[in-house]
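Spelled out, the chains give:
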Amino acid sequence: MSDTALQGAVYRGYVHVSEAKPRPMVSLKGDLSDESLRDAVRLTMNSDFPEALSVIGGDKGQVAWMAPDELLLFPESAAEALSSIQHKLGDAHVLALDVSDMRTEIVLKGAGAREVLAKASPVDFGALPPGTIRRTRIAQVPAAIWLADAETAHVICFRSVARYVFDVMAMGARKGGEIGVF
Amino acid sequence: MLTLKCPYCGVQADETELSPGGEAHLTRHGPGSDDDAFESYLFMRRNPRGPHFERWRHAMGCGKWFHAARDTATMQVFGTYSAQTTESPQTILDAIRAVNPDFQYGAAE
Ligand SMILES: [Zn+2]
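Here goes a summary of the coordinates provided. Just so it is clear, the model here is predicted, and its values are computed rather than measured. (Residues numbered from 1 in each chain as written. Chains lettered and ligands numbered in written order. Predicted model: local features only at pLDDT ≥ 70, side-chain atom pairs only at ≥ 80, totals over all residues. Heavy atoms only, no water.)

1. Description of the coordination of the zinc ion
Residue and element names in this part refer to chain B. Protein-derived coordination of the zinc ion comes from Cys 6 (SG), Cys 9 (SG), His 58 (ND1) and Cys 62 (SG), at a distance range of 2.0 to 2.4 Å. Considering all 4 donor atoms around the zinc ion, the spread of angles at the metal, 101 to 115°, places the coordination shape in the tetrahedral class. Every donor residue of the zinc ion comes from the same chain, spaced as C-x2-C-x48-H-x3-C. Of the two residues, Cys 6 and Cys 9, neither departs from the other in class, the shared state being buried. (Donors = N, O, S within 2.8 Å, 3.2 Å for Na, K, Ca; no water. Tetrahedral: all angles 85-135°; square planar, octahedral: opposite > 155°, others 65-115°. Buried < 20%, exposed > 50% of the residue type's maximum accessible area, 1.4 Å probe, protein only.)

Right, here's the structure in full:
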């Protein structure tokens, strides 16, 4: 996957905006209260099962809670995760799909990371603790956002709007645009 | 700014993250219904000045449809609740009557 949406674009403003190295992503839709599904996720990802609105890190990657019936897995290998889930759930009613090429991840680093996001999103980032995932919009398009720590934000968007999201973030991060709200 | 709490994922969502779905608790009149009922189902909507029930979708979020009750004049939100119901729960009606003691659902506005 050397052919990324943004060819590893980087913008150095008062916040550092960059396209993250592509990593495997698997979308899993199903009944999240089902014990066999929860077990399949735990075993596949070697992690706990995420609480609502949280993103957690396991040995084999992260697991993000996307909706009451949807998770986003970041395994080491999408193919292995898919076969593991398929193997453990058999013909249970779930959808597991490799969405790696459908999504782009952008990382914001710097003391103003939350501020740059807040310029384009209707979210109170002062009240968003690290490890909580928030699906929202960035300007005109949907995105999922979480903070790894107070100065590092991850943004997942559709690959088709990656350039748009990157440019919005870069514009918000231009030097001279500091507000200092957080 | 209108913010509604999505009853499915628990996010306090801004209006711009939601898609409006119009009046809630409509009764569908399909094939076999008379013309008046069908026309009413398709086109006729209540437009009250006061408490109102609406459908919204958490479009830029978990994607779920839900119901909301709010006052169209004061913008007070009385609450949000599941889409899997044909009527407003008592807790919502109580919240409305706390402010509007005479409120009757479906009364002429
Ligand atoms: Zn929601």
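2. Thoughts on the interface of chain B and chain A
Taken together, the contact between chain B and chain A spans 12 residues of the former and 14 residues of the latter. Together chain B and chain A conceal approximately 980 Å² of surface at their shared face, both sides included; 60% is due to carbon and sulfur atoms. For the pair chain B and chain A, the interface holds 2 salt bridges. Measuring nitrogen to oxygen at the nearest pair gives 2.5 Å for the salt bridge that ties B:Lys64 to A:Asp69. The interface formed by chain B and chain A contains 7 residue pairs in polar contact (both at pLDDT 80 or more). Along the lines of polarity and charge, the residues of the side of chain B that touches chain A split into 6 nonpolar, 3 polar and 3 charged. (Contact = heavy atoms within 4.5 Å. Buried area = accessible area lost by both parts, 1.4 Å probe. Salt bridge = Lys/Arg side-chain N within 4 Å of Asp/Glu carboxyl O. Polar contact = N/O pair within 3.5 Å; in protein donor to acceptor, adjacent residues only side chain to side chain. Nonpolar A, V, L, I, M, F, W, Y, C, P; charged D, E, K, R; others polar.)

3. Remarks on the pairing of strand β8 (residues 103–109) of chain A
All names here are of chain A. When you tally the buried positions in β8, you get 6 out of 7 residues, the bulk of the element. Bridge count for β8 against strand β11 (residues 152–158) is 7 bridges, and the pairing is antiparallel. From the neighbouring strand, Val 107 faces β11, where its bridge partner is His 154. (Helix = DSSP H or I, 4+ residues; strand = E, 2+ residues; numbered from the N terminus. Pairing = 2+ DSSP bridges.)

4. Description of the environment of A:Leu6
Residues and elements named next belong to chain A. Along the chain, Leu 6 turns up in the segment before β1 (10–12). Sequence separation between Leu 6 and Arg 159 is 153 residues; the distance between their C-alpha atoms is 9.0 Å. Sequence-distant contacts of Leu 6, defined by excluding residues within four places in its chain, comprise Glu 19, Thr 104, Ile 106, Ala 162, Arg 163 and Phe 166.

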